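Analysis of the macromolecular model
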Amino acid sequence: MKRVIVSLVLVVLTLASTACNIGSVTLGEIKTGPTVTEEISVPVPDGATASDVEISMGGGDLSIDVGDLDGLVEGTVEYNVEEVKPVVQTSGNRVVIEQGDIEGKRIPLGNWSDVENRWDLTLGKAPMVLAVNAGAAEAELTRLADLRASDITMRGGAGDFGLDFGGDLKQDMRVVIDAGAAKVTIVVPEGTAAELTFEGAFTDIDAGGAWQKSGGRYVLEGAGPRITFTVRMGVGSLELRNR
C-alpha cells in the first residue's frame, strides 16, 4: 500500500507539472532500478545560534525521530528512482533536505508498485526552527518534545501524518499544521499543557483522553512549558490523543 501511495503522488506531480503544456512537452519515462541507500549527515552550521531546517519530500514513507546527536540531522534515504535522489543544501544557518525533481517525467502504469522512497531521519537537539513538507506521504514524527525548537511547521497533502510530542519539553513550542485531504494524529503526554485551534471544514475531530473542548479550542491541562497548535485542514480526520 505504501508503495502505491509513493507512485500515485509521482503520477500526480507529473500531471500537474505538464497540465499547462500539453502538446509542447515530450515526457521522459521514470525507470526503477536497484534500491539505493543514501546516507544523510548534516553537521550543526558553524556559528548558528538556531538552525533553520527544512525537510521536503513529494511522497513516500517519512520517519523523523529526535536523538542525542553531535550533528544536526542524520539518517538514511532508500529509493529506486534516480530522479528522487535527495539533495542537501546548506547556506548559513539554513539547511534544506529535499527530494529530487521529477518534472517532465512519467511513470509507466506497470511500474506503480515498484517505486520506493523511504526516509528515516534523526534530528539532534541543537536549537532549530523546523519545517516539514510532505506530499502524499505516510509520515511519523516522534519524540518532538525533546527537540529544542520554538517553532515546528508541518505541511502535507493527501496522506497519513502522525506527530508525537513525547519527551522532555523544556520550552514553549508553536506548531502549525497545514494539510489537505489527510488523516492527522497528534499525541501529547497527559500533564503537558497544550492548546489547539482548528481552522477548516469537512474534517472529523476526535478528541480523546484528557483533551477537552473549550469554545472553539481544544485544551490539555498541564504544568510547565506549553505547546500551542494551529491546525488547518481541508477534508479528513484529526485525532487528539494522550500517551
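**A closer look at the confidence of the model for the protein**
Taken residue by residue, the protein gives an average pLDDT of 86. The fraction at 70 or more is 83%. Considering each helix and strand of the protein separately, the mean pLDDT is smallest for helix α1 (residues 2-18), with a value of 42, and largest for strand β8 (residues 117-123), with 97. In the model, residues 1-27 has pLDDT below 50 throughout and makes 42 contacts with residues more than four positions away in sequence or in other chains.

**Considerations on the packing of aromatic side chains**
Within a pair of aromatic rings, the relevant descriptors are the distance that separates the centres and the angle that separates the planes. All chains considered together, the criterion is met by one aromatic pair. Between Phe165 and Phe229, the aromatic rings sit 5.2 Å apart at their centres with planes inclined by 85 degrees, giving edge-to-face as the arrangement. With Phe165 in the loop between β11 (159-164) and β12 (173-187) and Phe229 in strand β17 (residues 222-241), the pair connects residues that are 64 residues apart, well separated along the chain. The same class applies to Phe165 and to Phe229, which are both buried.

**Here we look at the pairing of strand β5 (residues 87-91)**
Pairing between β5 and strand β6 (residues 94-98): five bridges, direction antiparallel. Within β6, the position partnered with Ser91 by the bridge is Arg94. In this antiparallel pair of consecutive strands, β5 and β6, the connection spans two residues, and Gly92 shows a positive phi of 65 degrees.

**Quick look at the environment of Asn93**
Mapped onto the secondary structure, Asn93 falls in the loop between β5 and β6. Given a relative accessible area of 36%, Asn93 falls into the partly exposed group. When the C-alpha positions of Asn93 and Asp46 are compared, they lie 7.8 Å apart, and in sequence the two are 47 residues distant. Those residues in contact with Asn93 that sit more than four places away from it in its chain are Pro45, Ala48, Ala50, Ser51 and Asp52.

**Here we look at the pattern of salt bridges**
Summed over the entire model, instances satisfying the criterion amount to 15 salt bridges. Between Arg243 and Asp164 there is a salt bridge, and its shortest N-O distance comes to 3.6 Å. One end of the pair, Arg243, is in the segment after β17; the other, Asp164, is in strand β11, with 79 residues separating them in the sequence. Exposure remark for Arg243: the relative accessible area of 59% places this residue in the exposed category. For Asp164, a relative accessible area of 18% gives the class buried.

Conventions used here
Residues numbered from 1 in each chain as written. Predicted model: local features only at pLDDT ≥ 70, side-chain atom pairs only at ≥ 80, totals over all residues. Heavy atoms only, no water. pLDDT = per-residue confidence, 0-100. Helix = DSSP H or I, 4+ residues; strand = E, 2+ residues; numbered from the N terminus. Contact = heavy atoms within 4.5 Å. Phe/Tyr/Trp six-rings, centres within 6.5 Å; stacked < 30°, edge-to-face > 60°. Buried < 20%, exposed > 50% of the residue type's maximum accessible area, 1.4 Å probe, protein only. Pairing = 2+ DSSP bridges. Salt bridge = Lys/Arg side-chain N within 4 Å of Asp/Glu carboxyl O.

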